[in-house]
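Survey of secondary and tertiary structure
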Amino acid sequence: MGNSIIDYELRLVVEKVAVDSQSVVKRDTIKVYDVTAPESILDLGLQHEEQISLIGKVQNAVIAEQAKLIDPGYSVCPKCEHKLKKNGHTKSNFHAVLSDHKTPIQKHQCTHPDCN
Ligand SMILES: [Zn+2]
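Residues numbered from 1 in each chain as written. Predicted model: local features only at pLDDT ≥ 70, side-chain atom pairs only at ≥ 80, totals over all residues.

Some remarks on the overall build of the protein chain
Secondary structure summary: the protein chain contains one helix and four strands in total. Written out in order from the N terminus, the α and β elements of the protein chain read β-β-α-β-β. Taking 2.2 N^0.38 as the reference for a compact globule, 116 residues should give roughly 13 Å; the C-alpha atoms of the protein chain span a radius of gyration of 22 Å, well beyond that estimate. Counting every position in the protein chain, which comprises 116 residues, the buried fraction comes to 0%. Restricting the contact set of the protein chain to residue pairs at least 6 apart, pairs at least 24 apart contribute 49%. (Helix = DSSP H or I, 4+ residues; strand = E, 2+ residues; numbered from the N terminus. Rg over C-alpha atoms; globule rule 2.2 N^0.38 Å. Buried ≥ 20, exposed ≤ 12 C-beta atoms within 10 Å, placed from the backbone. Contact = placed C-beta atoms within 7 Å.)

Side note on the environment of L84
Considering the arrangement of structural elements, one finds L84 in strand β3 (residues 84-95). Residue L84 is classed as partly exposed on the basis of its C-beta count, with 18 C-beta atoms lying within 10 Å. Separated by 17 residues in the primary sequence, L84 and A67 place their C-alpha atoms 19 Å from one another. With residues up to four places along the chain from it excluded, the contact list for L84 reads S75, V76, C77, H108, Q109, C110 and T111.

Side note on the environment of Q109
Relative to the helices and strands, Q109 resides in strand β4 (residues 100-110). Note on Q109: 13 C-beta atoms within 10 Å, which makes it partly exposed. Put simply, Q109 and E9 are 100 residues apart on the chain and 47 Å apart in space, counted from C-alpha to C-alpha. In this structure Q109 touches L84, K85, N87 and N116, once residues within four positions along its chain are discounted.

What about the pairing of β3?
Burial runs low along β3: only zero of the 12 residues are buried. Where β3 and β4 come together, 10 bridges link them in antiparallel fashion. When the sheet's bridge partners are listed, N93 is paired in β4 with K102. What sits between the antiparallel neighbours β3 and β4 is a turn of four residues. (Pairing = 2+ DSSP bridges.)

Structural notes on the pairing of strand β1 (residues 9-17)
Among the nine residues that make up β1, zero are buried, leaving the element largely open to the surroundings. Pairing of β1 with strand β2 (residues 24-34) involves nine bridges; the strand directions are antiparallel. Bridging from a neighbouring strand, V13 pairs with T29 of β2. Linkage of β1 to β2, two consecutive antiparallel strands, is achieved through a turn of six residues, within which Q22 is found at a positive phi near 60°.

Notes on unusual backbone geometry
Phi angles above zero are rare outside glycine, and Q22 is one such case at about 60°. Relative to the assigned elements, Q22 resides in the loop between β1 and β2. In this model, E81 sits at a positive phi of 65°, which is unusual for a non-glycine residue. With respect to the secondary-structure elements, E81 resides in the loop between α1 (48-67) and β3. Taking the number of C-beta atoms within 10 Å as the measure of exposure, E81 has 12 and is therefore exposed.

In structure tokens, the structure reads:
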């Protein structure tokens, strides 16, 4: 028989799950770690920089879903009261304790030609 050593990696996955049906609607691998034998105690676990990076990726996943739920609170133009239409996204800066993020926020534009 040949060499039967199996290599493994650890995959960290974020799943978006419909609460009622428990069906997975989105699944993103945010990190993959090789599993290798530690050469010293210093190789055990994740290094500080990697820990910060991991929290940043988890935050991004949470923020991306929360950003979709942000409601501007009005459906008509605050100036002329014409209907608003969606007008792409803008990135808004958000600073968390351990990481900085750019959050996509839905932009709106007035449909009145003189107002815009
Ligand atoms: Zn307007």
